[in-house]
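Listed here are the chains, written in short residue letters.
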There are 2 protein chains.
Amino acid sequence: MKENKKIPPATVKRLPLYLQCLDQVSDNEIGISSSKLAELAKVNDAQVRRDLSYLGTLGTRGVGYDISTLRNQLQLELGLVEGWSAVIVGIGNLGSALAHYGGFREKGFGIVGLFDDDPKKINSQVAGLVIKPLSDLEKYCEKFNVAIGIIATPGEHAQSVADKLIGCGVRSILNFAPVLLKNVPNVQIRSVDLSQELQILSYYLDRPILKAVD
Amino acid sequence: MKENKKIPPATVKRLPLYLQCLDQVSDNEIGISSSKLAELAKVNDAQVRRDLSYLGTLGTRGVGYDISTLRNQLQLELGLVEGWSAVIVGIGNLGSALAHYGGFREKGFGIVGLFDDDPKKINSQVAGLVIKPLSDLEKYCEKFNVAIGIIATPGEHAQSVADKLIGCGVRSILNFAPVLLKNVPNVQIRSVDLSQELQILSYYLDRPILKAVD
DNA sequence: TAAGTTAGTAAAATATGGAAACAATCCCTA
DNA sequence: TAGGGATTGTTTCCATATTTTACTAACTTA
């Protein structure tokens, strides 16, 4: 467990972005300046320095940041070296897509189980994993020490699935169902609602002067 | 084109949420109070009244809001009655999932075309639509007056696809590729990066005291 | 050693958002 | 028809978060 030096949420949201930007830098580059990174991430350079200063003293004045040190530190701070295990519940189209999605593994997350209660799906394979019934959830969570639950069920089942996941000791939930999940102490919940994203876009579509943020 | 009375971004983000909450209300309920809606949306009741006041004078003092009026006004403000047409580019697992996703149509968006440049995919069907090559994009955009482009390609193709979409007159882009797209005046871009969402979760996983926001 | 670069950080400026509070308005009932 | 209770619309204030500025410290190169 890390100590809780508080990093502002706005900064936390930019850390994965910085990591992504570093991947765009040519492999023979060894260092990078805050202004160059700022340009890639499309933020102010002082912002970059300030954000990175939360991770410690990483750069060298007059020189810049060593790319590999920076990458390591970002990964460390974000917990990407912990090898968190995740399960996906609800293996419809979206769940399957998430199961196949390479970006998770690439960042150090391991999908260790797929779950669905549809008898027609149980025991079939997706992305090299066998779909199991929810009754097997607890067993899996113990065996693999699952920390993250990804919910891709229809809205009406999301809350009960969330409850089950939390009951199994899962401490973080990424929710794709279009419902607002109950808040539970010590459980982190992030929701991605595809339809809401499109609705927000739609609002700004009629108002080209305004600029959507974030 | 709507006049540009400025609604704060934080409010715009809550409007689809209110709409979602209204769907949870029993059908024989005819009205709803700000406090009840606040409870469903998990926000302060003053917040609800303030947010809704941006849409005009919808409620009745001493009574509350008429649900169907409120719903209509939310849909109107969000542009959900405009019948925007959208295309999806990149019909991999995620693109297919998005094509099947019912939440879009339900909210008034019509997916009118699927595009991919993989010869193995072209002319095959997904969700009742035939996958077309990108060279057909312009034709479709004109024919259907496409306003929204959804990008679900690998990161390396996302920017060129975005350029093409914008060239075809698309004014809003929902981007699922893990790259930062170039900003273009009068084009709205929203990005959803699945891996970044998980990374943010991962940060807070090690720090149970802190609470992730938004 | 001097000039040029660049990180780290304190502090100011800005923006935003949330909560409280209250007057205005409506419904209901006696 | 008057009064009490309920609930919105809106103003105002407060708190806080975020961004930017500006400056100092430290390094590199010539």
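Caption draft 1: Spatial organisation of the overall build of chain A. Secondary structure assignment for chain A yields 9 helices and 9 strands. Projecting the C-alpha coordinates of chain A onto the three principal axes gives extents of approximately 60 × 45 × 35 Å. In chain A, which comprises 214 residues, the share counted as buried stands at 51%. Residue pairs at least 24 apart in sequence account for 54% of intrachain contacts in chain A once pairs closer than 6 positions are excluded. As displayed, chain A has an accessible area near 9,800 Å², and 50% of this comes from carbon and sulfur atoms. Computed over 24 positive and 23 negative side-chain charges, the separation of the two mean positions in chain A equals 3 Å.

Caption draft 2: Spotlight on the protein's contact with DNA strand D. Neighbouring DNA strand D are 26 residues, the closest being A:Ala46, B:Ser34, B:Gly59, B:Arg61 and B:Tyr65. Near-protein atoms of DNA strand D (within 4 Å) split between backbone and bases, with sugar and phosphate holding 63%. Separating a sugar or linking oxygen of DNA strand D from a side-chain N or O atom of B:Arg61 is a distance of 2.8 Å. One of the side-chain N or O atoms of B:Tyr65 is found 2.6 Å from a phosphate oxygen in DNA strand D. Counting residues per element, the ones that place at least two in the surface near DNA strand D are helix 1 (9-24) and helix 3 (45-53) of chain A together with helix 3 (45-53) of chain B. In terms of residue count, the dominant contributor to the surface near DNA strand D is helix 3 of chain A (4 residues). Taken together, the residues of the surface near DNA strand D sort by class into 8 nonpolar, 11 polar and 7 charged.

Caption draft 3: The interface of chain B and chain A, seen in detail. The partner chain A presents 74 residues to the 74 residues of chain B that form the contact. Between chain B and chain A the total buried area reaches about 7,300 Å² when both faces are included, carbon and sulfur atoms providing 59% of it. One salt bridge connects B:Arg190 with A:Glu197, and the closest N-O pair in it is separated by 2.6 Å. Inspection of the region where chain B meets chain A yields 19 residue pairs in polar contact (both at pLDDT 80 or more). Elements that contribute at least two residues to the side of chain B that touches chain A include exactly helix 1 (9-24), helix 2 (34-41), helix 5 (93-100), helix 6 (102-106), strand 8 (172-175), strand 9 (188-191) and helix 9 (194-205) of chain B. Considering each element in turn, the side of chain B that touches chain A owes the most residues, 12 residues, to helix 9 of chain B.

Definitions and cut-offs
Residues numbered from 1 in each chain as written. Chains lettered and ligands numbered in written order. Predicted model: local features only at pLDDT ≥ 70, side-chain atom pairs only at ≥ 80, totals over all residues. Heavy atoms only, no water. Helix = DSSP H or I, 4+ residues; strand = E, 2+ residues; numbered from the N terminus. Buried < 20%, exposed > 50% of the residue type's maximum accessible area, 1.4 Å probe, protein only. Contact = heavy atoms within 4.5 Å. Areas by Shrake-Rupley, 256 points an atom, 1.4 Å probe, with all protein chains shown as cover. Lys, Arg positive; Asp, Glu negative; His and termini not counted. Charge placed at Lys NZ, Arg CZ, Asp CG, Glu CD. Near = heavy atom within 4 Å. Polar contact = N/O pair within 3.5 Å; in protein donor to acceptor, adjacent residues only side chain to side chain. Nonpolar A, V, L, I, M, F, W, Y, C, P; charged D, E, K, R; others polar. Buried area = accessible area lost by both parts, 1.4 Å probe. Salt bridge = Lys/Arg side-chain N within 4 Å of Asp/Glu carboxyl O.

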